[in-house]
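What follows is each chain in one-letter form.
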Amino acid sequence: MARQAQAGDESAFAEIVRRYSPRVFSVASRFFRQRSSVEEAAQEVFLKAFTQLKSFEGRGSLEGWLTRIATNTCLNILRSAKRRPELTVSDLTEDENKWLDDQLTNVASEPKHSVEQHVIAADLADRVLAVLPPEDQLALLMIDGEDASVKEVSEATGWSESKVKVRAFRARKKIREAMEKLLSGNGKEPRIGGAIGNER
Amino acid sequence: MVKSLELEVQSAMKDEHVIEMLDSVPFGSLSKEQLTVVESHGQVCVSCSNAYRTAILASAVMKERLQSAVEPPPFFETRVLAGLREQQAVENVPALVRLWKSAGALVSSMAVATVALAAFSFAVPSALTPVSDQTASAYSAESVILDQSGDDQMTYEQVLSTMYSDDDEAK
């Protein structure tokens, strides 16, 4: 199919788009939440893939090749539209406060959320993740969010495994600090396990 | 004996901060033993307790972020192929034509403006308002500034004759 598409067969390329668009959409959904943004990114990915088909030598899988193009295309889109707003205390709404409280009180069991609560959480996630550079966001979402291995992230991005580890470490630290800033600004100081407060 | 061992373990836990551990692995991958160590240390260390709390929240937030994956719309491939044809059509047009398409309107309007200005500057004034040399020199800047004794100034005799000739006429 890839060879036919390489030769300029449009119907073969249409079949590639049909078969792999769920994968490309899933990759683009890591970066964008708006349907229109995901669709635009996916279209750009396939247009780029068509022009680069000649460079696909068939050593790896077509899916892996497309995943890499999708990842790099989405990173480029995010980089070009980069604006990292500083998180402020007023950013935390009452609903978000409540959602965060739920998470802390139900650490052991996974709390069940309504559709509305999912939206609240996803909005909060977007704003917290916005403090990170796109590359760090990607590493964190893949490893911590999707349970991907360092090797899988390395294959999807083309980065070395040590670079992936460093990015994930740095991203965890930054996102924790952002969360801490957000919570301390809202006067939330619940103690897990009843810390007694003699800081070292 | 057992109690002293427990105390030793607790003391070791107190000494070692767990923030590093929280940052180096995904929160979801922490084993039960690691979580026990983190929680025990959190009881005596506020900064690690806060780090643990925020790690829980960060992990939950990220899981939520990935819940809403967008599905491809029906006939997405048709849209991609249309985009592809559009791209190919743009690429097939020669570079000069593309340049003309984007900048043609601007270049044309500039050319029209230049021709109009040239016409107004050279052709129209000479055709509509012929200026004689005499008139031009009479009101030139030099004559106004330097020629203080104007021709239309009357002499004393002229003034007197004008005054008395009027009186004679009245008589």
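Anything mentioned here points back to the structure above.
The paragraphs below set out a description of the structure included in this document. (Residues numbered from 1 in each chain as written. Chains lettered and ligands numbered in written order. Predicted model: local features only at pLDDT ≥ 70, side-chain atom pairs only at ≥ 80, totals over all residues.)

Structural notes on the nonpolar core
Then, number 1: Judged by nonpolar contacts, the single largest core of 40 residues is most densely connected at A:Val128, A:Ala139, A:Leu140, A:Ile175, A:Met179 and B:Val61.
Then, number 2: Of all the elements in the fold, those that place two or more residues in this core are helix H5 (94-105), helix H6 (115-129), helix H7 (134-145) and helix H9 (161-185) of chain A together with helix H4 (46-65) of chain B.
Then, number 3: Here the element with the most residues in this core is H4(B); it accounts for nine residues.
Then, number 4: The residues touching A:Met179, leaving out its near neighbours within four places in the chain, are A:Val128, B:Thr54, B:Leu57 and B:Ala58.
Then, number 5: One finds A:Ile16, A:Tyr20, A:Trp65 and A:Ala70 within the second-largest nonpolar core, a separate group that totals 23 residues. (Core = buried A, V, L, I, M, F, W, Y, C linked by C-beta atoms within 7 Å. Buried ≥ 20, exposed ≤ 12 C-beta atoms within 10 Å, placed from the backbone. Helix = DSSP H or I, 4+ residues; strand = E, 2+ residues; numbered from the N terminus. Contact = placed C-beta atoms within 7 Å.)

What about the interface of chain A and chain B?
Then, number 1: At the junction of the two partners, chain A supplies 56 residues and chain B supplies 45 residues.
Then, number 2: Broken down by secondary-structure element, the contributors of at least two residues to the side of chain A that touches chain B are helix H2 (10-31), helix H3 (35-52), H5, H6, H7 and H9 of chain A.
Then, number 3: Looking at the side of chain A that touches chain B residue by residue, the classes come out as 28 nonpolar, eleven polar and 17 charged. (Nonpolar A, V, L, I, M, F, W, Y, C, P; charged D, E, K, R; others polar.)

A word on the packing of H2(A) against helix H4 (residues 62-80) of chain A
For any two helices packed against each other, one specifies the inter-axial angle together with the distance between the axes.
All names here are of chain A.
Then, number 1: Across the interface, H2 lies against H4 with an axial gap of 9 Å and an inter-helix angle of 30°. Considered as vectors, H2 and H4 are oriented roughly parallel to each other. In this structure, the crossing between H2 and H4 has a hand that is right-handed. Contact with H2, carried on its side by Tyr-20, Arg-23, Val-24, Val-27, Ala-28 and Phe-31, involves Leu-62, Glu-63, Leu-66, Thr-67, Ala-70, Thr-71, Cys-74 and Leu-78 of H4 and no other residues of that element.
Then, number 2: When the residues that make up the contact of H2 with H4 are grouped by side-chain class, the tally is ten nonpolar, two polar and two charged. (Axes fitted to C-alpha atoms, helices over the stretch in contact; angles between N-to-C directions. Parallel < 35°, antiparallel > 145°, perpendicular 65-115°, else oblique. Left-handed = near helix turned anticlockwise from the far one by under 90°.)

Some details on the environment of A:Gly58
Then, number 1: Summarising the element assignment, A:Gly58 is placed in the loop between H3 and H4.
Then, number 2: The spacing of A:Gly58 and A:Arg3 is 55 residues in sequence and 8.9 Å in space, taken between C-alpha atoms.

Side note on unusual backbone geometry
Then, number 1: Unusually for a residue other than glycine, A:Asp147 sits at a positive phi of about 55°.
Then, number 2: Among the secondary structure elements, A:Asp147 is positioned in the loop between H7 and helix H8 (150-157).
Then, number 3: With 12 C-beta atoms counted inside 10 Å, the residue A:Asp147 sits in the exposed group.
Then, number 4: Phi at B:Phe75 is positive, roughly 60°, even though this residue is not glycine.
Then, number 5: Tracing the backbone through its elements, the reader meets B:Phe75 in the loop between H4 and helix H5 (76-92).
Then, number 6: The class of B:Phe75 is exposed, set by 10 C-beta atoms lying within 10 Å.

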